[in-house]
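Letter by letter, the chains look like this.
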Amino acid sequence: MATRRVSARLTGAVLAALVGGGLGAVALTPASAGAAAPVTAAVTTSVVTKAAAASCATGKYQKKVEGYLKQLGGYGTVTVDGKQSTADCAAIVKFQKRFGIQPAKGLAGPTTYDVAKRLAATKTSACKPKKKGITFCVDLTNQTTWVMKNGKPHTKPTVTRTGYAGYRTPAGTFSINKRTKKEWSDPYEVWLPYWQRFIGGRGFHQTTTYIHDKWRGSHGCVNLLQSDAKLYYGIGKIGMTVKVFGRRPGT
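Every value quoted in this text rests on a predicted model; they were computed, and no experiment measured them.

## Considerations on the environment of Gly203
Line of reasoning, step 1. Mapped onto the elements, Gly203 comes out in strand E8 (residues 202-206).
Line of reasoning, step 2. Overall, the relative accessible area of 0% leaves Gly203 in the buried class.
Line of reasoning, step 3. For the pair Gly203 and Val242, spaced 39 residues apart in sequence, the C-alpha to C-alpha distance is 9.7 Å.
Line of reasoning, step 4. Residue contacts for Gly203: discarding those within four places in its chain leaves Trp195, Gln196, Arg197, Phe198, Cys221 and Val222.

## Overview of the pattern of salt bridges
Line of reasoning, step 1. Throughout the structure, instances matching the rule amount to five salt bridges.
Line of reasoning, step 2. Across the pair Glu183 and Lys178 runs a salt bridge whose closest N-O atoms are separated by 3.0 Å.
Line of reasoning, step 3. One salt bridge connects Asp213 with Arg216, and the closest N-O pair in it is separated by 3.1 Å.
Line of reasoning, step 4. Classification of Arg216 by relative accessible area gives partly exposed; the value is 29%.
Line of reasoning, step 5. Taken together, the salt bridges that share partners define one network made up of Asp114, Arg118 and Lys214.

## Focus: the side chain of Thr135
Line of reasoning, step 1. Structurally, the position occupied by Thr135 is in strand E1 (residues 134-139).
Line of reasoning, step 2. Using a relative accessible area of 0% as the deciding quantity, one classes Thr135 as buried.
Line of reasoning, step 3. Of the polar contacts made by the side chain of Thr135, one reaches the backbone nitrogen of Lys130; its length is 3.2 Å.
Line of reasoning, step 4. If sequence neighbours within four positions are ignored, Thr135 has contacts with Cys127, Pro129, Lys130, Trp146, Val147, Met148, Thr241 and Lys243.

## Details of the packing of aromatic side chains
Line of reasoning, step 1. This structure, assessed with the given rule, holds 13 aromatic pairs.
Line of reasoning, step 2. With a centroid separation of 4.4 Å and an interplanar angle of 10 degrees, the aromatic rings of Tyr61 and Tyr113 are classed as stacked. Of this pair, Tyr61 sits in the loop between helix H2 (41-52) and helix H3 (62-72) while Tyr113 sits in helix H5 (residues 110-121), placing them 52 residues apart in sequence.
Line of reasoning, step 3. Classification of Tyr61 by relative accessible area gives buried; the value is 18%.
Line of reasoning, step 4. Taking the centre distance of 5.1 Å and the plane angle of 65 degrees together, the rings of Trp184 and Trp191 count as edge-to-face.
Line of reasoning, step 5. Among the aromatic residues, those joined into a cluster by ring pairs are Phe136, Phe174, Phe198, Phe204 and Tyr232.
Line of reasoning, step 6. Arg179 extends its terminal NZ or CZ atom over the ring of Tyr233, reaching a point 4.1 Å from the ring centre.
Line of reasoning, step 7. Taking NZ or CZ as reference, Lys182 lies 5.0 Å from the ring centre of Trp191, over its face.

## What about H5?
Line of reasoning, step 1. With 12 residues, H5 ought to run about 16 Å at 1.5 Å a step, and its terminal C-alpha atoms sit 16 Å apart, in line with that.
Line of reasoning, step 2. Along H5, the residues classified as buried are Thr112, Tyr113, Asp114, Val115, Ala116, Arg118, Leu119 and Ala120.
Line of reasoning, step 3. Against the buried residues of H5 lie H3, helix H4 (86-98), strand E2 (144-149) and strand E4 (158-159).

## Regarding the packing of H3 against H5
Line of reasoning, step 1. With their axes 9 Å apart at the nearest point, H3 and H5 run at an angle of 35 degrees to one another. The two elements H3 and H5 cross, and the hand of that crossing is left-handed. Counting all contacts with H3, which are made through Lys64, Val65, Tyr68, Leu69, Gln71 and Leu72, the residues of H5 involved are Thr112, Tyr113, Ala116, Lys117, Leu119 and Ala120.
Line of reasoning, step 2. Of the residues in the contact of H3 with H5, the class split is eight nonpolar, two polar and two charged.

## Let's talk about helix H6 (residues 226-235)
An α-helix turns once every 3.6 residues. As a result, residues three or four positions apart point the same way.
Line of reasoning, step 1. Listing the buried residues of H6 in full gives Asp228, Ala229, Tyr232, Tyr233 and Ile235. Projection of H6 onto a plane perpendicular to its axis shows the buried side chains occupying an angular sector of 160 degrees, all on one side. What points out from H6, more than 90 degrees from its buried face, is the exposed set Gln226, Lys230 and Gly234.

## Topic: the environment of Asp228
Line of reasoning, step 1. The topology assignment puts Asp228 in helix H6.
Line of reasoning, step 2. Look at Asp228 and you get buried, because its relative accessible area is 3%.
Line of reasoning, step 3. Those residues in contact with Asp228 that sit more than four places away from it in its chain are Arg98 and Thr158.

## Quick word on the sheet that holds strand E7 (residues 190-199)
Line of reasoning, step 1. Strand order in the open sheet formed by four strands is E6-E7-E8-E9, with mixed pairing between adjacent strands. Each edge of the sheet is formed by a strand with only one pairing partner; in this case those strands are strand E6 (178-185) and strand E9 (222-224). Each neighbouring strand pair of the sheet contributes to a mean axis angle of 30 degrees, computed without reference to strand direction.
Line of reasoning, step 2. Taken together, the seven bridges between E6 and E7 define a ladder with antiparallel strand orientation. If you follow Trp184 over to E7, its bridge partner there is Trp191.
Line of reasoning, step 3. In the packing of H6 onto the sheet, contacts are made with E6, E7, E8 and E9, and the angle to E7 comes to roughly 45 degrees.

How each quantity is defined
Residues numbered from 1 in each chain as written. Predicted model: local features only at pLDDT ≥ 70, side-chain atom pairs only at ≥ 80, totals over all residues. Heavy atoms only, no water. Helix = DSSP H or I, 4+ residues; strand = E, 2+ residues; numbered from the N terminus. Buried < 20%, exposed > 50% of the residue type's maximum accessible area, 1.4 Å probe, protein only. Contact = heavy atoms within 4.5 Å. Salt bridge = Lys/Arg side-chain N within 4 Å of Asp/Glu carboxyl O. Polar contact = N/O pair within 3.5 Å; in protein donor to acceptor, adjacent residues only side chain to side chain. Phe/Tyr/Trp six-rings, centres within 6.5 Å; stacked < 30°, edge-to-face > 60°. Lys NZ or Arg CZ within 6 Å of the ring centre and 35° of its normal. Expected span 1.5 Å × (residues − 1). Axes fitted to C-alpha atoms, helices over the stretch in contact; angles between N-to-C directions. Left-handed = near helix turned anticlockwise from the far one by under 90°. Nonpolar A, V, L, I, M, F, W, Y, C, P; charged D, E, K, R; others polar. Arc of directions from axis to C-beta. Pairing = 2+ DSSP bridges.

Okay, here's the thing in structure tokens:
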């Protein structure tokens, strides 16, 4: 009788963990009519781990992503231990949504790791902006961009995608010389939302494809997520400075 009571308590604990973890109800069938079904410690541990992770799987880069998110700040409480938790899951999902990473389900996969690493490696001071006024900065090496005002960060670094091999975005100091909310590209037959040209036929605009496809690239433009393109357009004015430095890997 003692054995049956202990087994029953374990079974109840497992069921509670399953339901509490958002995994739904589970039918537990006894091994036989006269004996309680055995429940091992391993099963209990596995269920509790899933419940604690709040349905987020643990990705290959879990600990590294936790470290980068803690360094970047602004995404919630993160524990750098390589173990998925409810708080870690929420922070990673928030980060993924901010930078348009799909799917935004909290898995610390290669794209999330790559974006976090690039942002963490970005040094805003490397732009060497003007001491007065606005400077748009583009770091080709890390494929990131941000805005400086009076020599200090005005926006946090975000992701970009610049020209690929054969269409490399040139480094240098330029000025915004044309702005339209929607520009038609004759050679590529596509609309370019939030267009701000700064040299030749190159400028800032909202990306027309998934920005995290690293095999893709622009034809020299600085591609932005919709939210960032809209923000940049709201800040930009004719004559404002654009500083492009570094070099995109592989170009």
